[in-house]
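Residue-level listing of the chains:
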Amino acid sequence: MKKLLSSSIIKAFVYCVHDEIGPQPKYFYPEVIPEKNGSTPLKREDKGLFFTFRDYMQIAIKNLSLLLTDELTPKKNEVRDFKYFAIIPYPDFNLTSLTFFYYLVLNSRIKPIETAFSILVEENKRNFLYNNYKQIQTIIEDFFMEFNKILKNGFITKEKSLIYFKKLLKNIIEIEKKPSPPASTQKKIKIILAGLDDSGKTSFLLAVDRKFSKLMGLKPTRSANVQSIQALGASIILWDLGGQSSLRKKYLTKSDIYLYESDLLLYFIDIKNKQRFEESLEYLNNINNILKNELVQNTPIIFILSKADLDIIDSSEIKKNIKFIKSKIQNQIKKKEIDIFTTSIFEISTILRAFSSGISKLSPNRNIIKHNLKKFSKRVGSYITLLLSNDGLVMADYYSYKAENLIDEDEEFEIIHNVFEITAPQFTMLYKIFYKFKALQKNEAIFKLANSNVIVKQLNISETILFILVLLDNNNNKKEIENCLLEFTERIKDLLIHFV
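The text that follows walks through the structure, step by step, so that each part is easy to find. Position numbers for residues count from 1 along each chain, tracking the sequence in the order it is written. Side-chain atom pairs in this predicted model are given and counted only at pLDDT of 80 or more, local residue features only at pLDDT of at least 70, and totals for whole chains, interfaces and linings cover all residues. Water and hydrogen atoms play no part in the side-chain values, which are based on all heavy atoms of the structure.

With that out of the way, let us pick up the pattern of salt bridges. When a carboxyl oxygen of Asp or Glu lies within 4 Å of a side-chain nitrogen of Lys or Arg, that pair is called a salt bridge. Under the definition given, this model contains 17 salt bridges. For aspartate 339, the salt bridge is made with lysine 361, and the minimal N-O distance between the two is 2.9 Å. A residue pair is termed long-range when its members are at least 10 positions apart, and aspartate 339 in strand β13 (residues 339-342) and lysine 361 in the loop between α12 (348-360) and α13 (366-380) qualify at 22 residues. A simple rule labels every residue: compare its accessible area, found with a 1.4 Å probe on the protein chains alone, to the largest value its type can have, and call it buried under 20%, exposed over 50%, or partly exposed in between. The exposure class of lysine 361 is partly exposed, given its relative accessible area of 36%. When salt bridges with common partners are traced through the structure, they connect Asp197, Arg248, Arg276 and Glu279 into a single cluster. Counting from the N terminus, the helices are DSSP H or I runs at least four residues long and the strands are E runs at least two residues long.

In structure tokens:
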């Protein structure tokens, strides 16, 4: 194992568990070195990195603190479905990890065991984790499907585990051998905007980039317009593909240039142009087939039903159009959960909501952040909680069972869900205005809504400004919010810095 690690970008494996004596490293490679004069920090030598047991313990505590819950026993569906990844920095060691969180079920124990498995690389090599995240994720998930069967009757010895972790490392080293882009500490994300001509792609893009003055007199996009924006600590490369018929053929025949290695696809359909629905759906089907069958990419797709302006959105004709499009997309894509958003350039919040939903799908840290947001919400008694970036992008959300039962129909709950996410950026904007003119005494604002309150609080994490919105029945839990928010912020701060 030592020889393999010395030839790899991967500097260490750490498999951590929370058992009877608390968080601890169970299996770890390389082997520990003895401590001298008490505590010895991570050491760097010519042949690699070396750890003390205390170093591994520190990593175990940090990892498992993100997973540990106040509930005595997780629900069965939570145990089954809980398979989260996160990219976590360890500044003390100058390392970054890709960590896999899950619950381990042993035959000898009633309560599942919280576990976290990390592969660690040097901080300046973290680009390897970003660029190969999906491939490594698949390898790790497949590994633990087999390894967990071996652990069913209890943990095996470290010596017996060695053969399995060697095999895992060899599989990851195969990824290292493939050509990769130049090293960078900032992740680059490729987002495709596709659809027919005049479907709203360029207008959407300008609205995201706040260039409203350019919306008047827009001309059709010729070929592919490529530009870059900065958001959530990443460099986002946006490919605006013109939608004329001749251009669409070029994108499909040269998909290895235009669609290859796309991290996200935003597909646009003009809800007012019923005559071109079938043409648009055919183009969507062609793109989807290429992504799946030719490029073999599991690229997430966000569907944008554009031009849903307030003066027409409630008309019977537009409602029929939306229902028709949703039904066709559902039949064509054949997935349980499909992300479909209606947007209008006259309501920036609808565009930000669609865009942030897409960006959040690219975050390896999103699910573990949501897990902690759920714990925070339960402790303070909130039934709707949103975490937003300074630009109004929704990074994580929580809707409690209580919120779902405020109304009778799923469709009506979806409306409340949509309305709250769309209006959330407006609350943060009001907060900023009040704060600018010193109308706020503290870093919070409270908005009264019938018998409920929306509490908006600003979070300062490193050099990043975030907002958290909490919907409560009353103000009685304000003190509890203060206490829990400090713990919540401290726990997830590193995850937010490495959100995408």
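Now for the nonpolar core. Each nonpolar core is a collection of buried residues, namely Ala, Val, Leu, Ile, Met, Phe, Trp, Tyr and Cys, held together in the definition by side-chain atoms within 4.5 Å. Ranked by size, the top nonpolar core spans 46 residues in total, and within it Phe101, Ile369, Phe376, Leu387, Ile468, Leu495 and Leu496 carry the most contacts. Core analysis: the next-biggest nonpolar cluster, separate from the first, contains 38 residues, Tyr15, Phe143, Leu151 and Ile173 among them.

The omega torsion across tyrosine 29 and proline 30 is 5°, close enough to zero to call that bond cis. By the element assignment, proline 30 lies in the loop between β2 (22-29) and β3 (43-45). With a phi angle near 50°, valine 296 is a residue other than glycine that sits in the positive phi range.

This part covers the pairing of strand β10 (residues 234-241). With 7 of its 8 residues buried, β10 lies for the most part within the structure. With 6 bridges joining them, strand β8 (residues 188-195) and β10 adopt parallel strand pairing. Bridge assignment links lysine 188 to a residue of β10, and that residue is serine 235. By definition, two strands form a pair when at least two bridges between them are found by DSSP.

So, on to the side chain of glutamate 114. Mapping glutamate 114 onto the fold places it in strand β7 (residues 113-122). Residues scored as charged are limited to Lys and Arg (positive) and Asp and Glu (negative), so that His and the chain ends carry no count. Summary of buried charges: glutamate 114 has no salt-bridge partner, and the nearest side chain of opposite charge, lysine 111, is 4.4 Å away. Here a residue-residue contact requires only that any non-hydrogen atoms of the pair lie within 4.5 Å. When residues no more than four places from it in sequence are discounted, the contact partners of glutamate 114 are Cys16, Val17, His18, Leu64, Leu67, Leu68, Tyr102 and Tyr103.

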